[in-house]
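# Breakdown of the fold
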Amino acid sequence: AGGFDTHAIHAKWQALWAEKDPFRAGGDDDTRPRKYILAMFPYPSGDLHMGHAENYLYSDIVARFWRHRGYNVLNPIGWDSFGLPAENAAIKRGVDPRGWTYSNIDQQKASFRAYGVSFDWSRVLHTSDPEYYRWNQWLFQRLYERGLAYRKESPVNWCPNDQTVLANEQVVDGHCERCGALVVKKKLTQWYFRITDYADRLLDDLNQLEGFWPQKVIQMQRNWIGRSVGADIDFEIEGRAEKVTVFSTRPDTLHGATFFVVAPDSDLAAELAAEAGADVRLRFQDYLERVQRESEIERQATDRPKTGVFLERYAINPVNGDRLPIWAADYVLADYGHGAVMAVPAHDQRDLDFARAFDLRVKVVVDTTAPITGAIPVIELDEDGVPVGVDLEDLNPARTGIALVGEGRMINSGPLDGLSKRNAITRAIEELERSGRGRAAKNFRLRDWLISRQRFWGTPIPMLHTEDGRIVPVPDDQLPVRLPEAEGLDLKPKGASPLGAATEWVQATDPETGEPALRDPDTMDTFVDSSWYFLRFLSPTDASEAFSSRAADTWAPVDFYIGGVEHAILHLLYARFITKALYDMGLVDFTEPFSSLINQGMVILGGAKMSKSKGNLVVFQDELDAHGADALRVALAFAGPVEDDKDWNDVSTTGAQKFLSRALRVAQDVTSDPAVVWAEGDASLRRVTHRLLADAPSLVEQTKFNVVVARLMELVNATRKAIDTGAGPADPAVREAAEVTAMVLDLFAPHTAEEMWEILGYEPFVGLVPWRSADQTLLIEETVTAVVQVDGKVRATLDVPARIDEKELERRAREDQRVVRALGDREVVRAVVRAPKVVSFSTK
Ligand code: ANZ
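The text that follows walks through the structure, step by step, so that each part is easy to find. As the structure is a computational prediction, the values presented were derived from the model and not from experiment.

About the cut-offs
- Residues numbered from 1 in each chain as written.
- Predicted model: local features only at pLDDT ≥ 70, side-chain atom pairs only at ≥ 80, totals over all residues.
- Heavy atoms only, no water.
- Near = heavy atom within 4 Å.
- Polar contact = N/O pair within 3.5 Å; in protein donor to acceptor, adjacent residues only side chain to side chain.
- Areas by Shrake-Rupley, 256 points an atom, 1.4 Å probe, with all protein chains shown as cover.
- Helix = DSSP H or I, 4+ residues; strand = E, 2+ residues; numbered from the N terminus.
- Nonpolar A, V, L, I, M, F, W, Y, C, P; charged D, E, K, R; others polar.
- Pairing = 2+ DSSP bridges.
- Axes fitted to C-alpha atoms, helices over the stretch in contact; angles between N-to-C directions.
- 1 Å grid on protein atoms, 1.4 Å probe; cavity = no way out; pocket = protein on both sides within 12 Å on 5 of 7 lines; lining within 4 Å.
- Points joined across faces, edges and corners; volume = space filled by probe spheres on them.
- Phe/Tyr/Trp six-rings, centres within 6.5 Å; stacked < 30°, edge-to-face > 60°.
- Buried < 20%, exposed > 50% of the residue type's maximum accessible area, 1.4 Å probe, protein only.
- Lys NZ or Arg CZ within 6 Å of the ring centre and 35° of its normal.

## Concerning the site of the ligand
- Near the ligand you find 18 residues, and of these Ser 228, Ser 248, Leu 333, Tyr 336 and Arg 445 are the closest.
- Taking Leu 333, its main chain carries an N or O atom lying 2.8 Å from a nitrogen atom of the ligand.
- Within the contact set of the ligand, an oxygen atom lies 2.5 Å away from a side-chain nitrogen or oxygen of Arg 445.
- The fraction of the free accessible surface of the ligand (640 Å²) that becomes covered by protein chains is 88%.
- The set of elements that each furnish at least two residues to the shell around the ligand consists of strand S11 (244-248) and strand S15 (340-343).
- Here the shell around the ligand is composed, by residue class, of eight nonpolar, six polar and four charged.

## Quick word on the sheet that holds strand S22 (residues 471-473)
- One open sheet accounts for four strands, arranged S22-S21-S24-S23; its pairing is antiparallel. Strands at the two margins of the open sheet, each flanked by one partner only, are S22 and strand S23 (507-509). Across the sheet, the mean angle from the axis of one strand to that of its neighbour is 45°, orientation sign disregarded.
- One ladder, built from three bridges, connects strand S21 (residues 463-466) with strand S24 (residues 516-519); its direction is antiparallel. Along S24, the bridge assignment pairs Thr 466 with Ala 517.

## Some points on the sheet that holds strand S30 (residues 646-647)
- Across the sheet, which stays open at both edges, the three strands sit in the order S29-S28-S30 with mixed pairing between neighbours. A strand with exactly one partner marks an edge of an open sheet, and here the two such strands are strand S29 (608-609) and S30.
- Judged from the two bridges that link them, strand S28 (residues 603-605) and S29 form a sheet pairing that is antiparallel. Looking at the pairing, Leu 605 lines up with Ala 608 of S29.

## Focus: empty space enclosed by the protein
- Throughout the structure, instances matching the rule amount to four cavities of 30 Å³ or more.
- Here the largest cavity is characterised by a volume of approximately 110 Å³.
- Lining the largest cavity are 13 residues, with Thr 6, Leu 660, Ser 661, Leu 664 and Thr 752 sitting closest to its centre.
- At the level of secondary structure, the elements contributing two or more residues to the lining of the largest cavity comprise helix H1 (6-20), helix H21 (629-638) and helix H22 (653-669).
- Per element, the largest residue contribution to the lining of the largest cavity is four residues, and it comes from H22.
- When its residues are assigned to classes, the lining of the largest cavity shows six nonpolar, six polar and one charged.

## Some details on unusual backbone geometry
- The omega torsion across Leu 479 and Pro 480 is 0°, close enough to zero to call that bond cis.
- Note that Pro 480 resides in the loop between S22 and helix H15 (503-506).

## Concerning the packing of aromatic side chains
- Taken as a whole and judged by the stated rule, the model has 39 aromatic pairs.
- With a centroid separation of 5.3 Å and 90° between ring planes, the pair formed by Phe 193 and Trp 449 is classed as edge-to-face. With a gap of 256 residues between them, Phe 193 in strand S9 (residues 184-193) and Trp 449 in strand S19 (residues 449-450) connect regions that are remote in the sequence.
- Using a relative accessible area of 1% as the deciding quantity, one classes Phe 193 as buried.
- Taken together, the ring pairs in this structure connect Phe 140, Tyr 144, Trp 191, Phe 193, Tyr 198, Trp 449, Phe 527, Tyr 574 and Phe 577 into an aromatic cluster.
- Sitting over the ring of Trp 555, Arg 34 keeps its end group 4.7 Å from the ring centre.
- Arg 113 extends its terminal NZ or CZ atom over the ring of Trp 121, reaching a point 4.2 Å from the ring centre.

Written out as structure tokens, the structure is:
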């Protein structure tokens with residue numbers, strides 16, 4: 001377009017970048033300050049798509065910016081190359097997942113180069129390389145030594161169709177995300193990482209990230225970790241020797257407990273049912289089978305009818321000796337707290353719904369009509385502080401169906417009577433501890449991280465199972481435990497890892513006794529791979545350690561991290577956990593891996609998510625071919641704020657192309673040589689140039705990339721005008737504007753920027769040129785005199801900035817006292833505003 005061979009310009013600079021590798025990070029002797037810029041590494045599922053185009057554009061803008069600012073920038077790239085899609089593709093085609101994976105990686109590498117991304121190509125890593133996953137195994141051993149990796153039997157999500165374990169996030173509304181089959185719970189022995197040991201720190205340290213991470217992500221992590229404080233309370237069970245403990249956030253309501261509920265899928269429920277009568281056992285079995293088909297989400301839904309089975313057993317309320325009937329009901333979860341609750345229907349909605357469904361007793365112990373100082377009363381109070389026209393009986397939950405969850409004063413609670421809810425909680429815990437019937441406790445929603453997968457394409461778990469049933473780690477000097485060839489293995493999911501059938505591979509030797517042992521056939525969740533990859537980039541080829549602690553001290557944590565909000569919880573939480581574990585091992589000197597985080601929006605089309613199946617996919621490679629990388633980059637950067645979704649209908653590649661041609665023509669039209677004296681240039685064009693130099697840094701740091709592009713367009717237009725109708729092509733200000741355009745345009749359109757830089761008479765690379773500092777004297781606002789007329793008569797003059805907009809000028813005119821007087825009480829029916837010179841008001 002516009003007489004330039006876009007394709008040739010792109011090819012030329014890509015070849016030169018490949019040859020000279022100008023964007024490598026500086027080494028140890030580099031004294032510049034450092035910035036570690038990272039975009040979440042891609043999964044090689046095919047070629048790059050528009051989501052990648054956006055993500056890596058933004059990180060590239062930031063990386064290029066800091067290079068111009070004089071920083072030693074690390075902007076690496078690697079591939080998250082283990083995982084299911086490769087395995088599924090391999091199963092479908094009967095081939096090795098390796099081939100599929102690495103050919104996609106090659107394609108993505110070529111596409112990144114074609115997109116002009118300034119990566120440090122000397123640090124490429126692939127998590128599926130033994131040189132990488134060896135260190136996953138090393139990490140596993142370090143966690144195992146500290147008791148942070150362990151095996152346990154517990155109920156896991158099981159897809160009966162795919163014959164495999166699913167992570168919680170792979171279960172959608174109770175069904176398998178991939179095949180749609182109803183997911184069931186199955187008890188399996190699996191490896192876990194003890195992330196719950198870090199729950200408090202993972203929660204508390206979020207405070208440090210306030211203002212640097214999106215608030216939404218911080219909140220999602222807080223909810224996911226879900227800390228609750230309260231008490232553990234021990235209950236006697238009639239006919240049973242051991243007590244049963246429940247967790248409650250409301251120990252103040254213990255006097256209001258009227259029944260007791262156990263999770264149907266808990267060991268306790270099975271034990272209690274086993275000792276009950278035959279018909280109870282039968283009903284319980286039926287119920288349990290039904291419950292096992294439900295997902296956790298369904299079970300926690302508040303709007304579904306309550307179900308349960310009375311086990312014909314009783315718990316004893318420790319404070320008043322009441323006999324509490326024990327029910328098994330699905331709204332109590334087996335793996336939260338202790339899998340059992342004391343039910344207080346008057347003050348807990350779920351308990352109340354259940355009590356009303358099965359006609360159980362409701363006992364109010366908090367008078368929510370009683371005024372509490374400091375709390376906002378829900379009820380209108382009269383002068384004496386007594387609620388107007390409300391009687392506690394009016395609020396009786398048994399009749400209204402509404403639990404009394406608010407503030408109030410304790411009643412029917414013996415020694416707690418009269419206390420506020422908060423004081424009563426404290427007192428209740430003191431009392432429980434004193435009498436040995438309970439203690440302060442806290443609980444987390446967070447579960448330990450199940451990392452075993454019955455898959456082929458992942459990191460083998462480096463553990464051995466001996467004939468006498470011991471579990472022995474593979475010693476460090478025998479790592480990596482390499483994956484065998486896929487050839488000859490049936491990768492189809494069948495309930496057990498395909499590696500178990502690799503007869504030669506599974507045979508190993510117990511390093512302690514020399515006896516035969518079997519390898520653990522499972523592989524690790526690929527989130528293990530991505531939990532520490534940002535550290536591997538610091539010494540990616542080091543064969544002696546996972547990462548260099550010294551390099552970590554100098555480069556990490558990551559200064560700027562960008563990726564999709566779909567990683568708001570899992571990846572980011574796991575990376576935070578592993579970072580803290582490494583800190584405790586003395587291997588890194590920081591506790592948070594990512595100092596700042598940005599979630600980019602999605603590229604959508606016509607308001608909808610793009611997908612192959614919907615047939616609304618805009619193909620990255622097609623756009624590159626049609627418009628060139630620079631036009632695509634500029635169009636995406638210009639389409640809107642980073643965090644917003646961008647509708648492809650608003651992404652104008654042709655507009656971007658025209659802008660880039662205009663910029664190139666400006667460079668071509670410059671007739672002065674590089675030796676000009678800037679100060680002799682046209683002042684009004686220089687002002688535009690220097691305002692951009694002054695404003696762009698903070699705009700980039702606030703990721704307002706679209707605004708910077710708009711300002712570049714403004715500068716190119718101003719330069720064009722100066723060449724054609726103003727100072728002329730030989731004016732130093734024109735050269736200066738063109739040079740600054742090239743330097744700033746490098747963030748967005750690096751090929752075009754390099755081309756301009758060359759046209760302007762310089763050696764490559766504009767990508768490495770230091771940012772010019774803005775001349776402060778040019779930033780002082782130019783003022784002009786505006787005239788204000790009322791009904792044709794000049795009533796006032798105002799000194800205003802030359803760049804004032806019409807709205808602001810009108811506002812100032814209306815506020816001027818002389819104008820106010822001239823208008824009197826007459827009404828303005830028409831205002832004509834010509835910024836910055838004239839405002840004319842007409843009255844009736
Ligand atoms: C008595 C009580 C009275 C409760 C009251 C609440 C209000 P969070 O905040 O989510 O931690 N609970 C305990 N274990 C449970 C389980 N395994 N499945 C389902 N519910 C369980 O919730 C803690 C509260 O949830 C606990 O406090 C318990 O009910 C219930 F007016 O105890 B509460």
